[in-house]
Amino acid sequence: MSTDTDLDPARNWKNWHERRIAAVSAPHGPLSLTGTHWLSDYPEGRIPAVPGVWRERGDDVTLTATPEDGLTVDGRPLTGAAVLTADRGPIGESRVAHGGRRLVVMRREGLWAVRDFDPESPARRAFVTVEATPYDDRWVLPGHFRPYGESRAVRVENADGRERGLALAGELAFSVGGSEHTLQSVVEPDGSLWAVFADGTSGLSSYRFRFLRPSPPAADGTVSVDLNRALLPPCAFAEHFICPFPPPGNTLSFEVPAGERNIVVR
């Protein structure tokens, strides 16, 4: 069986792009998110349009339901109470379901929320495709990751209007047109990098900001910066995501006419 490493870069990118379209339009992909409900906003435990009673209790959440609520937990109808912790796996495998909907428990900075993923969401029905610029090898750049001595936490505005912490681990450096540019980056648990950035196309010919997820750097810090794989953030697909905006310094002074640009809807 062929793998991406067997293909030329343009075909490799095309396969990646097709997989992205399939992933975002999947039944429980980002287009299906219809709400992020913070339990602190509902002290009585009743979330509009979400069955059951949801109450946070420190390190977990208690869900109480009746047969009329039609909820299942771990595939079994729930009558009474169930104790829930934050979901970690794929959305389609979340513990709580209501018919085809998946109700995902999440925690951010000590606050609990329930996310409602509905395959029948208006955004999913209206989606056509992800607009992306065809592969251009000029946007595959040699880079170098420079870790900070210790993580630097900054407060950045999120797409829902609230500020949250973003733990930055180092700078991703690369050159364009003879000038060096850097992006403050997060190091993911698997060693890969994640940067939130804007550029000269942001809010014009592309979404207002994008993500970049390079592979783990080599032992000497070298890493490929492939801007052909610039990603739309989840909040481009559904307004209920809480994506962080670019931290200070992560707005590039030039245009990046590469990668994913916008979503196309009916």
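Everything below is about the structure printed above this text.
Computed from a predicted model, the values in this text were never measured in an experiment.

A. Seen up close, the overall build of the protein chain. A tally of regular secondary structure across the protein chain gives two helices and 17 strands. Here the C-alpha coordinates of the protein chain stretch approximately 65 × 40 × 40 Å along the principal axes. The 266 residues of the protein chain split such that 47% are buried. Taking the contacts inside the protein chain whose residues are at least 6 apart along the sequence as the reference set, 60% of them involve residues at least 24 apart. Summed over its atoms, the accessible surface of the protein chain is roughly 13200 Å², and 52% of this surface lies on carbon and sulfur atoms. A gap of 3 Å separates the mean positions of the 29 positive and 35 negative side-chain charges of the protein chain.

B. Spotlight on the pattern of salt bridges. As enumerated under the stated definition, the model contains 14 salt bridges in all. In this structure, the salt-bridge partner of Arg107 is Asp59, at a minimum N-O distance of 3.8 Å. Here the residue Arg107 occupies a position in strand E8 (residues 101-108), and Asp59 occupies one in the loop between strand E2 (53-56) and strand E3 (61-65), the gap between them amounting to 48 residues. Salt-bridge contacts for Arg101 lead to Asp116; the nearest nitrogen and oxygen are separated by 2.6 Å. On the criterion of sequence distance, the pair formed by Arg101 in strand E8 and Asp116 in strand E9 (residues 111-117) is long-range, its members being 15 residues apart. Since its relative accessible area comes to 6%, Asp116 is described here as buried.

C. Spotlight on the sheet that holds strand E1 (residues 33-38). Strand order in the open sheet formed by six strands is E1-E9-E8-E7-E4-E5, with antiparallel pairing between adjacent strands. Where the open sheet ends on each side, the last strands, each with one partner, are E1 and strand E5 (76-77). Relative to E9, E1 runs antiparallel, the two being bridged by five bridges. Residue pairing in the sheet places Leu33 in a bridge with Phe117 of E9.

D. Layout of unusual backbone geometry. A positive phi angle is found at Asp74, which is not glycine, with a value near 55 degrees. Phi at Glu109 is positive, roughly 50 degrees, even though this residue is not glycine. Structurally, Glu109 can be placed in the loop between E8 and E9.

E. Representation of the nonpolar core in the model. Counting 29 residues, the largest nonpolar core has Val130, Phe209, Phe211, Phe237 and Phe241 as its most contacted members. Only helix H1 (9-24), strand E10 (127-133), strand E11 (140-157), strand E12 (163-176) and strand E14 (193-197) provide two or more residues apiece to this core. Element by element, the count of residues in this core is highest for H1, at four residues. In contact with Phe211, not counting residues within four places along its chain, are Trp194, Ala195, Val196, Phe197, Arg229, Ala230, Leu231, Pro233, Pro234, Cys243 and Pro244. Listed in part, the 19 residues of the second largest apolar core include Trp139, Phe174, Leu183 and Val256.

Basis of the calculations
- Residues numbered from 1 in each chain as written.
- Predicted model: local features only at pLDDT ≥ 70, side-chain atom pairs only at ≥ 80, totals over all residues.
- Heavy atoms only, no water.
- Helix = DSSP H or I, 4+ residues; strand = E, 2+ residues; numbered from the N terminus.
- Buried < 20%, exposed > 50% of the residue type's maximum accessible area, 1.4 Å probe, protein only.
- Contact = heavy atoms within 4.5 Å.
- Areas by Shrake-Rupley, 256 points an atom, 1.4 Å probe, with all protein chains shown as cover.
- Lys, Arg positive; Asp, Glu negative; His and termini not counted.
- Charge placed at Lys NZ, Arg CZ, Asp CG, Glu CD.
- Salt bridge = Lys/Arg side-chain N within 4 Å of Asp/Glu carboxyl O.
- Pairing = 2+ DSSP bridges.
- Core = buried A, V, L, I, M, F, W, Y, C linked by side-chain atoms within 4.5 Å.

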